[in-house]
Amino acid sequence: MAFSIPVEYFLALSAFMFCAGLFGVLTQRNAVRILISVEIMLNATNISIMAFNGLFGVASDQEGWVFVFIIIGIAAAEAAIGLAIFLSVYRNFGEITVSNIFSLREEETS
Amino acid sequence: MAFYEDPLQITFILTAIYIIICMFMVITVEKVMQSTYWLIMMLVGVAVTFLLANSEIIFAFQISIYAGGIAVLLLFAVLLTEHDDAPFPNTLSKFLRATWMQLIIFLVLAVNMIVLILDTVDKPDYLREAGGGTPNVLGDSRIPVYGDENVAGAFEITENYTLFLWDNFGPVIPFLGLLLLAALLGSVKLAIREWDIEELSDEMKAQILKSEAS
């Protein structure tokens, strides 16, 4: 008997994870927490790519894996740059609460 | 087949519950450090879903790069900075007042996406696009990894993947290497600090003056 997992399980989990990550990005004020929420969203994307790869893979059923490979590499680069930016911001502002950092914000004209 | 008759589906559902609990803790737990630990546990759960989709090599990447490398970077980011621990207000009414709009976006988007997915995968057009069969190829590919009759399946899949990646997507590997090198150099440039000798302790100052003199 062949066991299998329906693709909609993967896709529903992925959609829920993506939305929860989006909720985290929209509500958190700490920059590290925002980066962590972005990681959750990236993982959700990876899961859905794996699911679609199972459905639509043509040449070797492994095209989707290449994209997951690239996304993992890009996430590593993003985390490294994020860490450096946080350190730089922390050194200049003494905190990394994004709502308190507004030196790029346009000054209000009254 | 009902889901409770299929050990693979039961495993997947348990993994999904584990991922969702960990994700909830990541977003709501008070200390940022604990949040990062929960993230590591969630990433391991995601790796298990990759394993259930028959891809050991991505499982290995996920564990080593995501749950290993990226998590350590995040831990360092937490250690080297200061945080006001408390992502959300303590009481439910204050929480709802502070985040009602985001909650609505989350609920509407999540329900919408999940209903849309469940609706779409049942359509005949979609089934035809997916190759005529039922869309449940995951965990049941042509080379079964965990079948009794083909124990070496995992090695075959990994070998196929590396050959496929190298033959068809060769430039991806140097591209990723260049990207990571650029990220490394950029983060060093961003994080490097011009220091002043006056900031150092007396001991260090004496050491540096001594080395300059000699």
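Every value quoted in this text rests on a predicted model; they were computed, and no experiment measured them. (Residues numbered from 1 in each chain as written. Chains lettered and ligands numbered in written order. Predicted model: local features only at pLDDT ≥ 70, side-chain atom pairs only at ≥ 80, totals over all residues.)

### Re the overall build of chain A
Turning to step 1, where the next piece is worked out: For chain A, the helix and strand inventory stands at three helices and zero strands.
Turning to step 2, where the next piece is worked out: In chain A, the succession of α and β elements from N to C terminus is α-α-α.
Turning to step 3, where the next piece is worked out: Here chain A holds 110 residues, and 54% of them are scored as buried.
Turning to step 4, where the next piece is worked out: Put simply, 50% of the contacts in chain A that link residues at least 6 apart link residues at least 24 apart. (Helix = DSSP H or I, 4+ residues; strand = E, 2+ residues; numbered from the N terminus. Buried ≥ 20, exposed ≤ 12 C-beta atoms within 10 Å, placed from the backbone. Contact = placed C-beta atoms within 7 Å.)

### Comments concerning the overall build of chain B
Turning to step 1, where the next piece is worked out: A count of helices and strands for chain B gives eight helices and zero strands.
Turning to step 2, where the next piece is worked out: Mapped in sequence order, the helices and strands of chain B form the string α-α-α-α-α-α-α-α.
Turning to step 3, where the next piece is worked out: When contacts within chain B are restricted to residue pairs at least 6 apart in sequence, those whose partners lie at least 24 apart make up 46%.

### Quick look at the nonpolar core
Turning to step 1, where the next piece is worked out: Judged by nonpolar contacts, the single largest core of 69 residues is most densely connected at Leu13, Met17, Ala20 and Val32 of chain A together with Met23 and Leu74 of chain B.
Turning to step 2, where the next piece is worked out: For this core, the secondary structure elements donating two or more residues are helix H1 (7-27), helix H2 (31-56) and helix H3 (63-93) of chain A together with helix H1 (7-28), helix H2 (32-52), helix H3 (56-79) and helix H6 (153-168) of chain B.
Turning to step 3, where the next piece is worked out: If we ignore the near neighbours within four places in the chain, the residues touching Met23 of chain B are Met17, Ala20 and Ile40 of chain A together with Met42 of chain B. (Core = buried A, V, L, I, M, F, W, Y, C linked by C-beta atoms within 7 Å.)

### A short note on the environment of Ile197 of chain B
Turning to step 1, where the next piece is worked out: Tracing the backbone through its elements, the reader meets Ile197 of chain B in the loop between helix H7 (172-191) and helix H8 (202-213).
Turning to step 2, where the next piece is worked out: For Ile197 of chain B, the residues in contact, after removing those within four places along its chain, are Lys205 and Ile208 of chain B.

### Here we look at the confidence of the model for chain B
Residues and elements named next belong to chain B.
Turning to step 1, where the next piece is worked out: On average, residues of chain B score 79 in pLDDT, and 84% of them are at 70 or above.
Turning to step 2, where the next piece is worked out: By mean pLDDT, the top-scoring element of chain B is H2 (91), and the lowest-scoring one is helix H5 (residues 124-129) (67).
Turning to step 3, where the next piece is worked out: Within the model, the stretch residues 132-148 combines pLDDT values under 50 with 44 contacts to residues more than four positions away or in other chains.
Turning to step 4, where the next piece is worked out: Scoring the predicted complex yields pTM 0.81 and, for the interface, ipTM 0.89. (pLDDT = per-residue confidence, 0-100.)

### Observations concerning the packing of H3 of chain A against H7 of chain B
Turning to step 1, where the next piece is worked out: Two numbers describe how H3 of chain A lies on H7 of chain B: the axes approach to 8 Å, and their chain directions differ by 5 degrees. Comparing the axis directions of H3 of chain A and H7 of chain B gives the class roughly parallel. (Axes fitted to C-alpha atoms, helices over the stretch in contact; angles between N-to-C directions. Parallel < 35°, antiparallel > 145°, perpendicular 65-115°, else oblique.)

### Focus on the packing of H1 of chain B against H2 of chain B
All names here are of chain B.
Turning to step 1, where the next piece is worked out: Two elements in contact, H1 and H2, have axes separated by 8 Å at closest approach and are oriented at 160 degrees. The orientation of H1 relative to H2 falls into the category roughly antiparallel. Of the two possible hands of crossing, H1 and H2 adopt the one that is left-handed. Where H1 abuts H2, its residues Leu8, Thr11, Phe12, Thr15, Tyr18, Ile19, Cys22, Met23, Met25 and Val26 lie against Ser35, Trp38, Leu39, Met41, Met42, Gly45, Val46, Val48, Thr49 and Leu52.
Turning to step 2, where the next piece is worked out: Along the lines of polarity and charge, the residues of the contact of H1 with H2 split into 15 nonpolar, five polar and no charged. (Left-handed = near helix turned anticlockwise from the far one by under 90°. Nonpolar A, V, L, I, M, F, W, Y, C, P; charged D, E, K, R; others polar.)

### Describing the interface of chain A and chain B
Reports of interface size often rely on the accessible area that becomes lost once the parts have come together.
Turning to step 1, where the next piece is worked out: Listed as interface residues are 65 residues of chain A and, on the opposing side, 73 residues of chain B.
Turning to step 2, where the next piece is worked out: For the side of chain A that touches chain B, the secondary-structure elements that each account for two or more residues are H1, H2 and H3 of chain A.
Turning to step 3, where the next piece is worked out: Residue composition of the side of chain A that touches chain B, by class: 47 nonpolar, 13 polar and five charged.

### Some points on H1 of chain B
Residue and element names in this part refer to chain B.
Turning to step 1, where the next piece is worked out: For H1, spanning 22 residues, the distance from its first C-alpha to its last is 32 Å, which sits close to the expected 32 Å at 1.5 Å a residue.
Turning to step 2, where the next piece is worked out: Within H1 the residues assigned to the buried category are Gln9, Phe12, Thr15, Ala16, Ile19, Cys22, Met23, Val26 and Ile27. One side of H1 carries all its buried residues, which in axial view fall inside an arc of 150 degrees. Counted as exposed and oriented over 90 degrees from the buried face of H1: Pro7, Leu14 and Ile17. (Expected span 1.5 Å × (residues − 1). Arc of directions from axis to C-beta.)

### Considering H8 of chain B
Turning to step 1, where the next piece is worked out: In a regular helix each residue adds 1.5 Å, so 12 residues correspond to 16 Å; H8 of chain B covers 16 Å between its end C-alpha atoms and thus fits that length.
Turning to step 2, where the next piece is worked out: The element H8 of chain B is barely covered by neighbouring structure, given that only zero of its 12 residues are classed as buried.

### Brief notes about the environment of Phe12 of chain B
Turning to step 1, where the next piece is worked out: Locating Phe12 of chain B in the fold gives a position in helix H1.
Turning to step 2, where the next piece is worked out: For the pair Phe12 of chain B and Lys205 of chain B, spaced 193 residues apart in the sequence, the C-alpha separation amounts to 60 Å.
Turning to step 3, where the next piece is worked out: Among all residues touching Phe12 of chain B, those that are not within four sequence positions of it are Ile5 and Tyr9 of chain A together with Thr49 and Leu52 of chain B.

### Description of the environment of Phe88 of chain B
Residue and element names in this part refer to chain B.
Turning to step 1, where the next piece is worked out: Note on placement: Phe88 falls in the loop between H3 and helix H4 (92-120).
Turning to step 2, where the next piece is worked out: On the basis of neighbour counts, which here come to 15 C-beta atoms within 10 Å, the residue Phe88 falls in the partly exposed class.
Turning to step 3, where the next piece is worked out: The spatial distance from the C-alpha of Phe88 to the C-alpha of Ile10 is 34 Å, given a sequence separation of 78 residues.
Turning to step 4, where the next piece is worked out: The contact partners of Phe88, leaving out residues within four places of it in the chain, are Thr28 and Phe95.

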